[in-house]
Each structure stands twice: as C-alpha cells, then as structure tokens.
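Chain residues, written in single-letter form:
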There are 2 protein chains.
Amino acid sequence: MSQPLPAPGPGTRHPSDPGTRHLSAPAPNPSRTDALPPLASGPGGPDALRPLLDTVLDALAAGSGERGGPLPAGGPEAVATRVADALGDVLPDTGDPDALRTLVQVLAAGAADPADPLCAAHLHCPPLAVATAADLAASALNPSLDSWDQAPAASALEAAVARTLARTAGLADALVTTGGTESNHLALLLAREAHGGGVRLVHGAGAHHSLPRAAWLLGLPDPVVIPTPNGTLDPAALDQALTALPGPLLVAATAGTTDAGLIDPLPEIAGLCTAHGARLHIDAAYGGGLLFSDRHRDKLAGLEAAHTVTLDLHKLGWQPVAAGLLAVARPHELAVLHQRADYLNADDDTEAGLPDLLGRSLRTTRRPDILKIAVTLKTLGRGGLGALVDQVCARAREFAALIREHPGFELYDRPVISTVLFRPAGADDTAVAAVRRRLLHEGRAVLGRARLDGRLWLKATVLNPHTRPDDLAHLLKLAEGSTPG
Amino acid sequence: MSQPLPAPGPGTRHPSDPGTRHLSAPAPNPSRTDALPPLASGPGGPDALRPLLDTVLDALAAGSGERGGPLPAGGPEAVATRVADALGDVLPDTGDPDALRTLVQVLAAGAADPADPLCAAHLHCPPLAVATAADLAASALNPSLDSWDQAPAASALEAAVARTLARTAGLADALVTTGGTESNHLALLLAREAHGGGVRLVHGAGAHHSLPRAAWLLGLPDPVVIPTPNGTLDPAALDQALTALPGPLLVAATAGTTDAGLIDPLPEIAGLCTAHGARLHIDAAYGGGLLFSDRHRDKLAGLEAAHTVTLDLHKLGWQPVAAGLLAVARPHELAVLHQRADYLNADDDTEAGLPDLLGRSLRTTRRPDILKIAVTLKTLGRGGLGALVDQVCARAREFAALIREHPGFELYDRPVISTVLFRPAGADDTAVAAVRRRLLHEGRAVLGRARLDGRLWLKATVLNPHTRPDDLAHLLKLAEGSTPG
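Notes on the structure follow.

About the thresholds
- Residues numbered from 1 in each chain as written.
- Chains lettered and ligands numbered in written order.
- Predicted model: local features only at pLDDT ≥ 70, side-chain atom pairs only at ≥ 80, totals over all residues.
- Heavy atoms only, no water.
- Least-squares fit on C-alpha atoms with pLDDT ≥ 70 in both.
- Contact = heavy atoms within 4.5 Å.
- Buried area = accessible area lost by both parts, 1.4 Å probe.
- Salt bridge = Lys/Arg side-chain N within 4 Å of Asp/Glu carboxyl O.
- Polar contact = N/O pair within 3.5 Å; in protein donor to acceptor, adjacent residues only side chain to side chain.
- Helix = DSSP H or I, 4+ residues; strand = E, 2+ residues; numbered from the N terminus.
- Expected span 1.5 Å × (residues − 1).
- Buried < 20%, exposed > 50% of the residue type's maximum accessible area, 1.4 Å probe, protein only.
- Arc of directions from axis to C-beta.
- Pairing = 2+ DSSP bridges.
- Axes fitted to C-alpha atoms, helices over the stretch in contact; angles between N-to-C directions.

Here we look at the relation of the copies chain A and chain B
Both copies of the chain are tied together by a single rotation about an axis and a shift running along it.
Okay, so step 1: You can overlay chain A on chain B at an RMSD of 0.0 Å; the transform is a turn of 180° with a shift of 0.0 Å along its axis. This pairing of chains is accounted for by a two-fold axis. Of every C-alpha in chain A, the one belonging to A:Leu218 sits nearest the axis of rotation, 2.5 Å from it.
Okay, so step 2: Both copies present the same face, since 99% of the interface residues in chain A are matched by interface residues at the equivalent positions in chain B.

Side note on the interface of chain A and chain B
Okay, so step 1: Facing 195 residues of chain A, the contacting portion of chain B comprises 194 residues.
Okay, so step 2: Between chain A and chain B, the buried area comes to about 16,400 Å², and carbon and sulfur atoms account for 63% of it.
Okay, so step 3: Summed over the shared surface of chain A and chain B, the number is 22 salt bridges.
Okay, so step 4: Between B:Asp58 and A:Arg50 there is a salt bridge whose closest N-O contact spans 3.6 Å.
Okay, so step 5: Applying the counting criterion to the chain A and chain B interface returns 72 residue pairs in polar contact (both at pLDDT 80 or more).

Topic: helix H2 (residues 75-87) of chain B
All names here are of chain B.
Okay, so step 1: Counted at 1.5 Å a residue, the expected span for H2 with its 13 residues is 18 Å, and the 18 Å between its end C-alpha atoms agrees.
Okay, so step 2: Buried within H2 we find Gly75, Pro76, Val79, Val83 and Leu87. Along the long axis of H2, the arc covered by the buried residues comes to 115°, so they all point the same way. Facing away from the buried side of H2 by over 90 degrees, the exposed positions are Glu77 and Asp85.

So, the sheet that holds strand S1 (residues 173-177) of chain A
Residue and element names in this part refer to chain A.
Okay, so step 1: Here we have seven strands laid out as an open sheet, ordered S1-S7-S6-S5-S4-S2-S3, and mixed in their pairing. Each edge of the sheet is formed by a strand with only one pairing partner; in this case those strands are S1 and strand S3 (224-226). Recorded for the sheet is a direction-independent mean angle of 20° between the axes of neighbouring strands.
Okay, so step 2: Relative to strand S7 (residues 324-328), strand S6 (residues 308-312) runs antiparallel, the two sharing five bridges. Note that in S7 the partner of Thr310 across the bridge is Leu326.

Structure, rendered in structure tokens:
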C-alpha cells in the first residue's frame, strides 16, 4: 500500500484543521495516511506544492533549453520517439518519483512555444505569467462550477466577471466556455431553441469550421455558405441570400477570420438581419480583443447589435487555454439551458437561497477558468491589455511593410488585426507549402498557411507582444532561406 | 502604454534565443517591450513565474486559514459580498499589481475545499499535489491539441496515454474530454452517426442527467427511462423495454451512480444488448477508477463489452478538473468526427506526415489535460492509485458501519464504491434538507443529498484518501448536532 512521495514537503501529512469551528475535531494522529501522496489543497497544500513547482520550473527551463528554438527539430516521428522513450510504461505497477520532472521536460522540449517570436502560425497565444500563476490556484482548489457548494466564491466571481466582459462587448451577460468552438455551438443551440429545429445557418466561406460543425451536431439543416472572394461577407450577396431563403435564418458574421484576420462589415450585416428578420451571431473569437484598445475598438462597431457574440481570451487576451465566452443580448434566452438535478439544484435548495448554476453551461463539472481572466483584467487594466493589443497590431503592420518592400515576397494585404499573409514571389502552391513544412521539420519557425484568392499563402499571426521588429525580419529571412531559389 | 509589472523576476525581459539554431538572430536590445508584463513560457518564463507562484501559494495559505473550515460561513450572500469587495472594478482603466494575491486569497477563503475531510458532498475530489503541479506546465506552455504544430510532444503524449487508459478498461482507444458530460455527449453522437438520427436512448432513472441532455442537444428522440426502484437497472425491466421498443436503440448503463455509487449489473445488461441488437454505452465516470484496484476491479466486469465507456479521472483519479475520457471499442467509428480545415490539417500536410488531430475532439483549441494524468499514472503507478481507491472505499465502509451502529441515524445501504447515504432516524424530508443547508450556511460541513426509495437522504461521497476514521466520526457528530432534536 505504501507509496513513495513524489517530493514530500513539510506539513503535508494531513489537512489538519487550523480554524476555530472544528475545535472538537480530534488532534492529528500518525496513521497510514502519512504514506499517501500529498494533496494540492487543504492547509498542507501550499507546502506540498512548493517543491513540486520548483521541479516543474526547472524542468520547463531544461526542456526549453534542450529545444533551443520555437519547436523541436526532426518532425513528428522524432518527437514521438522522444516522448515514447520518456514515457515508457504509461501505467507501471509501481510508481516512479521522477515522472513529474521527466514528463514536463519532454513536453517542454517538444513544445511549439508561442512565447518564441518565431512561433507565429496560429491563434495560439503566449500566456501571461500572471494568468498562468492564477490558473494554478484553480487547479489546486479544484472548485467545480456546477453547484454553489463546490464553488462558493468561484461562482460569485464568474457571474461578475462574465457580465462585465459581456457589457464591454455591448451585450448583457456571458457564459464561460472552453473556447470559440463551444461558444459557436451554444450560439446555434440558442438559435435552435428560439426559432425551432428548422433554423438555417447562413455564413461566409471564411467563417470558422466550428459553425457548420455545430449545425451538424445540433441536427440543423445544412448551412448556406456565401462565397467571400474578398475574404469578408459581402452585404449585397448576403442581402440576396436572405431575400431568397425561407426563414428562420441565423446569420453568422466574423470579426477576425482565422485565415486572414478580416472583419466582416458588421453594421451593414446587422442592418440586413434586422431588415430580413434574421438572427445574428458574431464570431469575435479573434477580433473581440480589440475591445480593450482605444485605437482599434471602432473596428468592432456593430458587435452590440448581435444576439450572441463569441469571445475568446486565449487569443487576444493572453490566457492559457481555455478562456472562451459566449455573450448574449437576451439573458432570458439562457433559460433553455436550465437543468434540474436534485443533487445539484433541488427546488427547495434554490428557494432557500442556494444559487442554481447548472444552467450556465453545457458541461456539468467545470473548472473556474474565470479566475485567471479576472486576475489578468485587474492586474493589467484596460490600458494594459489595450497596450498589448496595440503592440501586436503595430508589429503586424511593420511586418507587412517589410514584406511589401522585399522583392522576393508578395504581400496579401495590409493586416486588419495582426495576421499577415505572404508568399515567395513566383512560387507555386506546392513550393509555398514546402517552405512551411521545411521550417517546421528543421525546428526553425512555425508559420501557418491559408488559401485565399485561390492561392496558398504563408501566414504569420502576431500574438506575442514581446516580439520585436528584428524578430520579424529574422522570420522573413528564414522563410527566404527555405524557399527553393 | 507602460504597464506596471505584476512581480517582475530576473530574466523576464524577452524570450531571447538560447539555442544554436538562431545564431543569426539579433542580440536582445533594450526596447519598449521591457515594460510589458512577462510571459509564462519562453526562456524567461520560469523566472517570471517563480515569484508569482510564491504569491499564489501564500495567498492560498492565507485564504485557507481565513476560511478555517471546509467552506466559508455565512451562505451565498456573505460570500458574494466578500468577492465583490475584493473584486471592485473588474476592468479598471489602469492595473492593480496586487490583484493576483487579492483574488486568489478571496477564492481560497471562499472555497469548498475537497481536501477537508468534512467536505464530502459530491464527486468533487481533492487533487493530488503532483497532478496540480504538472497542470502548471500545461498552462505555461499552452499547447493546443488541434494541430501538431501547436503541440508536437503533447499530441504524442495524449495518443499514448489515452490508448493505455482505454485498454485498461478493455476498449481500444479513447478521446480526452472535459468530463463525463462531454463523454456522454460524444457517446450519443457516435451512436447517432452509426445508427441514424432515430436512435433512441434507453437509460435507468438513476443515470446521469447529462445523458438525456445529450439526446436533446443532438436532436434524438426522447429517451425511454426505466424505473430503478432498487437504484440499479433491472435486467428484467430492460429486457421488457428492449423487446417492446422499435430499434435502433442505445442502452446507457451506469457504473457508479451519482446519487448512491451503485453499479448496474453490467454483464447481464451487455448480454441483453447483444441479444436485442442494441448498442451499449457505460457511464463509468465514477466507478471507472476501480480499474486501478486489485481489490475492486471485478465490480466492473462487463465494461469491456460496451461500445463506449465514459471515464473521468477528476473523480476517482484525483485530478484537477478537467480529466474526462470517452473510451471506444471501435476506433474506426471516430472517423465521423473528422473535420477538414486547411489551416490545421490540409491534405498535403497530412500526406507529408503531419498528424491530423482535428478529429480527436469536438473542441478545436484544446489544453493538454493528459499531462497531469500521465504524470499521476507514472508517479503513483497502478499500485499507488489502487491504494487510494482502496483507502476511500474502506473509509466509506467504516463510515457506514458507524452509522448503522448509531441509534440516531438510518443507513441506506452498505456502500458499493465510496458513497454513503444516511438520514436522521424519524426525520422527514424537510428536516433532512435543512440539516444539510444548516451545515453549509454555518461553514461546518459539505454534505450532499439524494432522493432514493422516495425519501431524501444525506450523502457523503468519500473521495479524500487522507480522511481518517476520526474525521468521519466528527462529520456524523456535526450532522447529529444540526438535526432538530
């Protein structure tokens, strides 16, 4: 039965009672529980965590040094081999006290590190240290937001912070989600419950793939896809579609397309939805972060006209995953999510004043991702977050200017948010794809790809506020060096 | 633009390049990025995190001391007031460098702490320190499992660990989920895609509420609910239902009901499903942990006959939320989850050897919850985890014996896993509910509730392996003291 402690700290023996309300509790006694591995919370939690966190930080540093670049060299097979070697038997009969160090180090050595300025492919942000530290408290205390008696303070915190974020977007309330995909799913569900199972989704070709996927999940009719030759939803084309299609209709617009960071003409789209009686959802998973910036906020005009808005602070919000939200204009629509489970929200408990939280999510057990968000909003303030947004947008514009001036590259367009699309001049699509894969395989840079105007482009999504102009010049040089000349 | 650093550590200036592959990168220069808040990853990440983690541990200790018991006293309004006072303006114009300490402390002071032996209501486990420490690395590196170039090592780790856990349950592969609710949703989706939208769910009255909810989400017919007067699915009643109902049918059995921790007769149910050509899903979110125990594993015989099995290591696995899995017997059925998004899994990238990960989840961006699971499995081994399972099951049996011998209480039944139902002898349901609420309001204990046999019971779910027999005697004394005499 006895188990080696991973790294025992003082005071980890037993969550003994430090308070005054348990004076009648028995004094701690040596018992067989001494040999059990320590817990993260309780009075002994912090002391048990301290040496383990040191191990994690050391392993992160060692793994990062071992990697020595934005991602590991050698491609998928080489990484899989290193992971398999470190992992060995996944579930051995007896434990290995060094597993924490070994596995964290191999994960760090094999990471695509978004904090490296040369890792710039996706909407994959480097998290702020302060947000990551706050997230530890959520893991340690392990509140679960499906009932008040599992999360007394966390549920109050979530309610306040979610509402503030919704109001920042011009809406009334918000649910916390695992990201844009769950938010879009919820938005379609609310539309289905408001308008029936025949509601048809209408979206632009540049919308996120989670939108048609949500229609499939929810058993809705096949969506109508409007071509977007210029990358954004064209009001004339939308008008035509809304005129031709029988209702009920749900239009999904995008504020920050995944491929190019483009923002659909929101005020015109909102006007058309009103005119045609269509419901409006706006996927602002990427662009929503512009709300923090005095300089860029105007680009989101029209957001407040939506019935639902997807926000996602693990993009322009520098949170560890997950940090999604779905903002809603009409909180009473959330009533359809209501669930009754006697063990979590019995009627008499609710009448006696215990909050009913079960209708705040499609999940049941649910981690308080709101804590790291709240700590970030408070620590940086709107000004601090806005400065980060301004910084990455400015860097993207500078990168675009660099490309425009470079004879060896073609620029797609001036960036609207922080996405820059470019391609080696004169290269065909096969060569463009090969540049990206070569850089990945060699572990030199992580660039993305996007198909627009019928051609394949390299994509840099600047989400790292610490990126300097020199880093981007270096990134361009790497792309140049990997292009067959 | 400049922003006060929350707690600057040395070396947090810039994720400069420590490796050899970037020798041509420019040397770090003082620049305005010096004033930006530090990131969690990159070479400077560990040093930036260290002082912030100290702040978190101190705030956890201070908050826990302030609480002085299993949950805060005063009820929902008192907690909400304390949170509102600590929170103040959620999104101030300028930042507050002390927000991390303030908010973590108020969260800890207002937590229902599952590491306190008197917090024993729900399937809400105290996480192991080693799992929580590992989870920090996931937050810091922020890999996202929707594409290889965001999670090279994490995706390899997930594939290996998920498969091992599936095989431990006698199935072939597993997807990682946010918990039992998402696992059940996925199980119903796979049934819908295998048998069409007319597939009807058949479940016992004691099944988890997420099962009928998933049927609603997926647009399936209303489920057929089989009464379970004894708490488990009766094979004779199931046989009758399967005989009477037109197909296709999906039977959902439960290994560890939420209310009582009961296990349906799995081999008989599996036999009936085979005989009637019905598909079988087993929700083993709670009971699945018995697989780690030599002593209790036999209770899960029949699990391997299911098409899909829900597992959940944030219950009998001592993980921070989230740690769910859906094990599948036929991995080829997962093909229906396949998605194509050129930016994540273009055909030519897949052909060139980049793994296609998009069909491994209904989410897109996705945190590597597998890391903490892998670290726990390796650190403790099957023996160590089995010892924890045995410990909580033994404690629950001891608690039940204590209740049986107590003239003031009635015991529901001998526990099958670690859930003990009891009620003050002679009390009516209103009085039973009031006992629980009084203990909650006074911050003295967190007990659950369950309605079984047409009566309301108090519920203790023993999930804390550090709980001692004396703690449970104390818990019973508190319940006794709160019962109107």
